[in-house]
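What follows is the residue order along each chain.
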Amino acid sequence: MLESLGIEHGFGLRDAERVLPPGLLYPRQVHGAHVLRVPPLSPEAQADALVTDVPSVAVGVFTADCVPVLLADPQGRGVATVHAGWRGSALRVAEVAARTLAEALRCRPEALVAAIGPHIGPCCYEVDEPVRAAISDDSVFTGSDRAGHYRLNLFRLNHRHLLDAGLRPERIDRVEGCTACDGTRFYSYRREGHTGRLPHYIRCPA
Ligand SMILES: [Zn+2]
């Protein structure tokens, strides 16, 4: 949907750091739910989502298993980018970002469009009891062979949070791919440990 609206954006693959758009603004990510409106963005600023309504400004996040979410107003008046791992998802960072973008544009959240990018799927994402306890939605967990462990569906969780913010399901796209399954295309913290980061960005139209 972002393509058809002509809004420049990208979900990065391995080695995409080398082709980052010039002037990209990205935060120091801390697995929280703090959303910043930019510019300006100080180098020390900590956040897990950026919102901008300044024409031509590009905002980004970096991930290696966490969920990247891009948001835009269909008229191109503003965009947002979100980094959501389990901690940020437990804090509903995607919902907070969608609400912040709608407030910044004085529009209703159901007007917004979103895309959820590649991240670690429930096929590979086993979590333990503290993670389950931090997330109130039982429907995003399925059983695991290991006692005291569960498989977490981060797509379903973030999709739910965007719906809770007021987005319409037909305006939420998904770019498929499990970062842990597909080592040729993606970096994965779970699979590789210390590794690179996939860059994702969206640019506010000029
Ligand atoms: Zn997988």
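Residues numbered from 1 in each chain as written. Predicted model: local features only at pLDDT ≥ 70, side-chain atom pairs only at ≥ 80, totals over all residues. Heavy atoms only, no water.

Could you clarify how one ought to interpret the pattern of salt bridges in this entry?
Two side chains of opposite charge can pair, provided their charged atoms sit close to one another. The full count for this structure, using the stated rule, is 15 salt bridges. Between Asp-137 and Arg-160 there is a salt bridge whose closest N-O contact spans 2.6 Å. You can see Asp-137 sitting in the loop between α3 (129-134) and β9 (141-143) and its partner Arg-160 sitting in helix α4 (residues 154-165), a full 23 residues away along the chain. Owing to a relative accessible area of 16%, Asp-137 belongs among the buried residues under this scheme. Here Asp-182 and Arg-185 are joined by a salt bridge, their closest N and O atoms 2.8 Å apart. Ionic contacts of the salt-bridge type, sharing partners, join the residues Arg-92, Glu-95, Arg-99 and Asp-164 into one network. (Salt bridge = Lys/Arg side-chain N within 4 Å of Asp/Glu carboxyl O. Helix = DSSP H or I, 4+ residues; strand = E, 2+ residues; numbered from the N terminus. Buried < 20%, exposed > 50% of the residue type's maximum accessible area, 1.4 Å probe, protein only.)

Help me out: how do you make sense of the packing of aromatic side chains in this one?
Geometrically, a pair of aromatic rings is defined through the distance of the ring centres and the angle of the planes. Applying the stated criterion across every chain, the model contains two aromatic pairs. Ring geometry for Tyr-26 against Phe-62: centres 4.9 Å apart, planes inclined by 70°, an arrangement best described as edge-to-face. Of this pair, Tyr-26 sits in the loop between β1 (9-11) and β2 (35-37) while Phe-62 is found in strand β4 (residues 58-63), placing the two residues 36 residues apart along the sequence. Relative accessible area serves as the criterion here: at 43%, Tyr-26 is assigned to the partly exposed category. Look at Phe-62 and you get buried, because its relative accessible area is 16%. A ring pair is formed by Phe-141 and Tyr-150, whose centres lie 6.2 Å apart and whose planes are at 70°; its orientation type is edge-to-face. With a relative accessible area of 17%, Tyr-150 lands in the buried category. The cationic tip of Arg-132 hangs over the ring face of Tyr-150; the distance from NZ or CZ to the ring centre is 4.6 Å. Residue placement shows Arg-174 over the ring face of Phe-155; its charged tip is 3.9 Å from the ring centre. (Phe/Tyr/Trp six-rings, centres within 6.5 Å; stacked < 30°, edge-to-face > 60°. Lys NZ or Arg CZ within 6 Å of the ring centre and 35° of its normal.)

Before we go on, may I ask you to explain the layout of surface pockets in this structure?
Here the largest pocket is characterised by a volume of approximately 510 Å³. Lining the largest pocket are 23 residues, with His-31, Ala-64, Cys-66, His-83 and Tyr-189 positioned closest to its centre. Mapped by element, the contributors of at least two residues to the lining of the largest pocket are β4, α1 (86-90), β8 (126-128) and α5 (189-192). When grouped by side-chain class, the residues that make up the lining of the largest pocket number twelve nonpolar, five polar and six charged. (1 Å grid on protein atoms, 1.4 Å probe; cavity = no way out; pocket = protein on both sides within 12 Å on 5 of 7 lines; lining within 4 Å. Points joined across faces, edges and corners; volume = space filled by probe spheres on them. Nonpolar A, V, L, I, M, F, W, Y, C, P; charged D, E, K, R; others polar.)

Can you help me understand the sheet that holds strand β7 (residues 113-116) in this one?
Here we have six strands laid out as an open sheet, ordered β2-β3-β6-β5-β7-β11, and mixed in their pairing. Each edge of the open sheet carries a strand with a single partner, namely β2 and β11 (172-174). Geometrically, the sheet is characterised by an average inter-axis angle of 15° between neighbouring strands, direction not taken into account. Of the pairings in the sheet, the one linking strand β5 (residues 67-72) to β7 comprises four bridges and is antiparallel in character. What sits directly across from Ala-72, in β7, is Val-113. Where α4 meets the sheet, it contacts β5, β6 (79-84), β7 and β11, and its direction lies at approximately 170° from that of β7. (Pairing = 2+ DSSP bridges. Axes fitted to C-alpha atoms, helices over the stretch in contact; angles between N-to-C directions. Contact = heavy atoms within 4.5 Å.)

Any chance you could explain helix α2 (residues 93-105) here in plain terms?
Given 3.6 residues per turn, any residue in an α-helix points the same way as the ones three and four places further on. Helix length check: α2, at 13 residues, gives a terminal C-alpha distance of 18 Å against a target of 18 Å (1.5 Å per residue), a fit within 8%. Summarising burial for α2: ten of the 13 residues are buried, a large majority. Where α2 is buried, its residues touch β2, β3 (49-52), β5, β6, α1 and α4. Of the residues flanking the end of α2, it is Arg-106, one or two places downstream, whose phi is positive at about 55°. (Expected span 1.5 Å × (residues − 1).)

Is there a simple way to explain the nonpolar core in this structure?
Buried together is how nonpolar side chains tend to be arranged in soluble globular proteins. Counting 39 residues, the largest nonpolar core has Leu-71, Val-82, Leu-152, Leu-162 and Leu-167 as the members making the most contacts within it. The set of elements that each furnish at least two residues to this core consists of β3, β5, β6, α2, β7, β10 (149-152) and α4. The element best represented in this core is α2, accounting for eight residues. Among residues more than four places away in sequence, those in contact with Val-82 are Asp-48, Ala-49, Val-61, Val-67, Pro-68, Val-69, Leu-71, Val-93, Ala-94 and Ala-97. Formed by 19 residues, the second largest nonpolar core is a distinct cluster that contains Ile-7, Val-38, Leu-41 and Val-57. (Core = buried A, V, L, I, M, F, W, Y, C linked by side-chain atoms within 4.5 Å.)

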